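Each chain, written out:
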Amino acid sequence: MSSSVPPEQRAASTAATGTPSGGDPSVAAGPASEQARGPRKVRVHHLRQAKERGEPLTMLTAYDAVTARIFDEAGIDILLVGDSIGDNMHAHPTTIPVTVDDMIPAVRAVARTAQRALVVADLPFGSYEASPAQCHASAVRMLKEAGAHAVKFEGGEHLAEHVRLLTRSGIPVVGHLGFTPQAENLLGGKRVQGRGHEAADRLVADALALADAGAVAVVLEMVPGPVAARVTEVLPIPTIGIGAGPEVDGQVLVWTDMAGMTSWSPRFARRFGEVGAELASATRAYARAVRDRSFPAAEHVYES
């Protein structure tokens, strides 16, 4: 998953303090919302329950402990440690250069911090495609070394055996269809996928194959709204959209897009704050205070 943010416009920092969800341990229903609180700890069976009850799932990316804590306390259901760390945090032009070794410290930080959210780790390009065995080995590292609760990887029916092996091994899998950033070079860039009857039918078939193989949810990225709605209707597991319209079972955004950390955001993203501007303002105020020697003041100095 990629935010499509040009490299020169990227920035990364923390968001404002979130509001604790205050989840009730006695509640065993679907994930939290403003109207109803969900389980104390979100687990894979809660995802299907949320779909059955029509309760939208919330997902955000997180790459460090600071933002993970804020998002977790705010009641986000799923924290995705995405390979979008590559183009949003590591200044790569795409997600393709990201490695498993790049991912593990970020996953570990998020998993150690989250108290309620389900933590999903992306398997990066080149770490799963060759065989189910390669996929299994990479996924095991994400769970054993980093503490992830589930993994996500891109691709449809041709990866069904990968999903089956992981599921048999006790590793929950989230699929990813539509625009798949790791295949950007093959797709001809960041382009909407699933347009036209044949492409839409293929997307539906891929989604059903992933669900039949044991996937617990499917991300739909940059898919026409009516196509995403069709997939959502026929699928027994939740669909989570990013640029896929409102008729899905949940939504995900790259957190820097959601929080307004950059001067530009993709069309499908809504800026729910302008944290980047606030951070820039705070930074300028700090610099002024240091230069005019108003910081540190007396209250910031230890006595001898």
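Residues numbered from 1 in each chain as written. Predicted model: local features only at pLDDT ≥ 70, side-chain atom pairs only at ≥ 80, totals over all residues. Heavy atoms only, no water.

Relative orientation of the contacting elements helix α8 (residues 197–213) and helix α9 (residues 225–234) amounts to 30°, with a least axis distance of 10 Å. Between α8 and α9, the angle is such that the two are roughly parallel. Note that α8 runs across α9; the crossing there is right-handed. Residue-level inspection shows A200, D201, L203, V204, A207 and L208 of α8 in contact with α9, the latter providing V227, R230, V231 and V234. (Axes fitted to C-alpha atoms, helices over the stretch in contact; angles between N-to-C directions. Helix = DSSP H or I, 4+ residues; strand = E, 2+ residues; numbered from the N terminus. Parallel < 35°, antiparallel > 145°, perpendicular 65-115°, else oblique. Left-handed = near helix turned anticlockwise from the far one by under 90°. Contact = heavy atoms within 4.5 Å.)

Our focus in this paragraph is the pairing of strand β7 (residues 239–242). Taking every second residue as pointing to the same face, both faces of β7 are buried, with T239 and G241 on one and I240 and I242 on the other. Pairing of strand β6 (residues 217–221) with β7 involves four bridges; the strand directions are parallel. By the bridge assignment, V218 is partnered in β7 with T239. Handedness of the β6-α9-β7 crossover: right-handed. The sheet contact formed by β7 and strand β8 (residues 250–253) spans two bridges and is parallel. Directly across from I240, in β8, lies its bridge partner G250. (Buried < 20%, exposed > 50% of the residue type's maximum accessible area, 1.4 Å probe, protein only. Pairing = 2+ DSSP bridges. Right-handed = clockwise from strand over helix to strand, strands pointing away.)

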